[in-house]
Amino acid sequence: MKTDRTHAPRIAVIGGGTGLSTMLRGLKKLSRDITAIVTVADDGGGSGMLREDLGMPPPGDVRNCIQALANTEPIMEKLLAYRFTEGRLKGQSFGNLFLAALNGMSDTFDEAVRRMSDVLAITGRVLPVTNENVYLAAEFSDGSEAVGESHIADFKKGTDKRIARVRLIPERPKALPEAVRAIEDADMIVLGPGSLYTSIMPNLVTDGIAEAVARSDALRIYVLNIMTQDGETEGYSAGDHIEALFSNSGEHLFDWCLANSREIPAELAKRYRAEGAEPVEIDEEAVYKLGVGLLRAPVAGWKSGYVRHDPDALARELMSIYRAKSHTRVYGEEG
């Protein structure tokens, strides 16, 4: 790992979905050397339509991360996020179509992503975790299985079974070499925030990503979700999240877990509870037994009526942790 402590750290972030793009909006203000490694297992919504029609990897999560890191005029931001409201394109976003067009002009999906990133002059880089056409499968505690990211939550809802493991079809696809190198060169590696099994985990069951994270001497930190997720992690504590990541990847992936300490307003918590979600329980002893240090900070926000990580608060906290903990390789071990 090449390190220059006088400048902002090289950061590799791993995940997908709304959580990752939210965090990137804050991080880009504090570091220009960011690589986002993003899942490509989505098969629902507009992304699913494009992968079915065009045979391309799903663009949605990647496009969201590019938008988050883009340095564009407000009108371009609105244009990329615009969704058609009628006709055969109803529900499809312009940003997805833009990336699909670039994919048609490129030899590989990562080349199309790079071209879109150049056009939008983004801060840092966005990389699909793999160029292969993959689907996510979840195996449950009762032996049943659901195939396709968009089917997993519905398959699980209303039952008390848990997801035992996830895998990709085809299994263990080769990770993009640039993604592995970004992890190897990073000073700080951040997993999450995002859906445990459908945003973070698909990256870790590729061939190369979890192994690179495990052998890295960077500061490695997991950003714990603020709320549980109906259809994925209902009833999960912090320890459950961490144990699932370690057991599915087969690796001890990080030494620190950052959890929100800001109390969720009662009315908002009540609404989430009615929808099958609640604040993640922080079971300190279980976290420590997994060899992970627990850090708490007020990083939640709810301006839009949804509980999300506050991008600026989260970015500031991550940088503060880096300055304080970057000399610590393993929880409880200084050096």
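Thresholds applied
- Residues numbered from 1 in each chain as written.
- Predicted model: local features only at pLDDT ≥ 70, side-chain atom pairs only at ≥ 80, totals over all residues.
- Heavy atoms only, no water.
- UniProt positions renumbered as here; feature names shortened; annotations may be inferred.
- Pairing = 2+ DSSP bridges.
- Helix = DSSP H or I, 4+ residues; strand = E, 2+ residues; numbered from the N terminus.
- Axes fitted to C-alpha atoms, helices over the stretch in contact; angles between N-to-C directions.
- Contact = heavy atoms within 4.5 Å.
- pLDDT = per-residue confidence, 0-100.
- Buried < 20%, exposed > 50% of the residue type's maximum accessible area, 1.4 Å probe, protein only.
- Polar contact = N/O pair within 3.5 Å; in protein donor to acceptor, adjacent residues only side chain to side chain.

In the nomenclature of an unreviewed UniProt entry, the protein corresponds to Putative gluconeogenesis factor from the organism Candidatus Scatomorpha merdipullorum. Regarding the protein, the relevant UniProt record gives this comment under Sequence similarities (unreviewed entry): "Belongs to the gluconeogenesis factor family." Reading the Subcellular location (unreviewed entry) entry of the UniProt record for the protein gives the comment "Cytoplasm".

A.B. asks: Any details on the sheet that holds strand β1 (residues 11-15)? Residues and values, ideally.
C.D. replies: Sheet strands associate in pairs through backbone hydrogen bonding, adopting either a parallel or an antiparallel arrangement. Taken in spatial order, the seven strands make up an open sheet running β3-β2-β1-β7-β8-β9-β10, and their pairing is parallel. A strand with exactly one partner marks an edge of an open sheet, and here the two such strands are β3 (125-128) and β10 (293-297). Between one strand axis and the next, the sheet turns by 25 degrees as a mean value, whatever way the strands run. The pairing of strand β2 (residues 34-38) with β3 spans four bridges and is classified as parallel. Residue pairing across strands places threonine 35 opposite arginine 125, the latter belonging to β3.

A.B. asks: Run through the sheet that holds strand β5 (residues 145-147), naming residues and quoting values.
C.D. replies: Overall, antiparallel pairing links the three strands, which are arranged β5-β4-β6 in an open sheet. The open sheet terminates on both sides in strands that have one partner only, identified here as β5 and β6 (163-169). Strand-to-strand twist across the sheet, computed as the mean angle between neighbouring axes with direction ignored, equals 20 degrees. In the sheet, strand β4 (residues 135-140) pairs with β5 via three bridges, with the strands oriented antiparallel. In the sheet register, alanine 137 faces β5, and the bridge partner there is valine 147. Here helix α7 (residues 149-156) sits on the sheet and contacts β4, β5 and β6; the angle it forms with β4, its principal contact strand, is near 25 degrees.

A.B. asks: Describe the confidence of the model for the protein, and please don't skip the residues or the numbers.
C.D. replies: Reading predicted coordinates in detail is not appropriate for stretches of low pLDDT. Per-residue confidence for the protein gives a mean pLDDT of 93, with 95% of residues at or over 70. Per-residue pLDDT stays below 50 along residues 1-6; that stretch engages in 16 contacts with residues further than four places along the chain or on separate chains.

A.B. asks: Tell me about the environment of lysine 161, and please be specific about residues and values.
C.D. replies: Inspection of the secondary structure puts lysine 161 in the loop between α7 and β6. Residue lysine 161 is classed as buried on the basis of its relative accessible area, which comes to 11%. Taking the C-alpha atoms as reference, lysine 161 lies 9.6 Å from glycine 143; in sequence the two are 18 residues apart. Among all residues touching lysine 161, those that are not within four sequence positions of it are Phe140, Ser141, Asp142, Ser144, Phe155 and Lys156. A polar side-chain atom of lysine 161 sits 3.2 Å from a polar atom in the side chain of serine 144.

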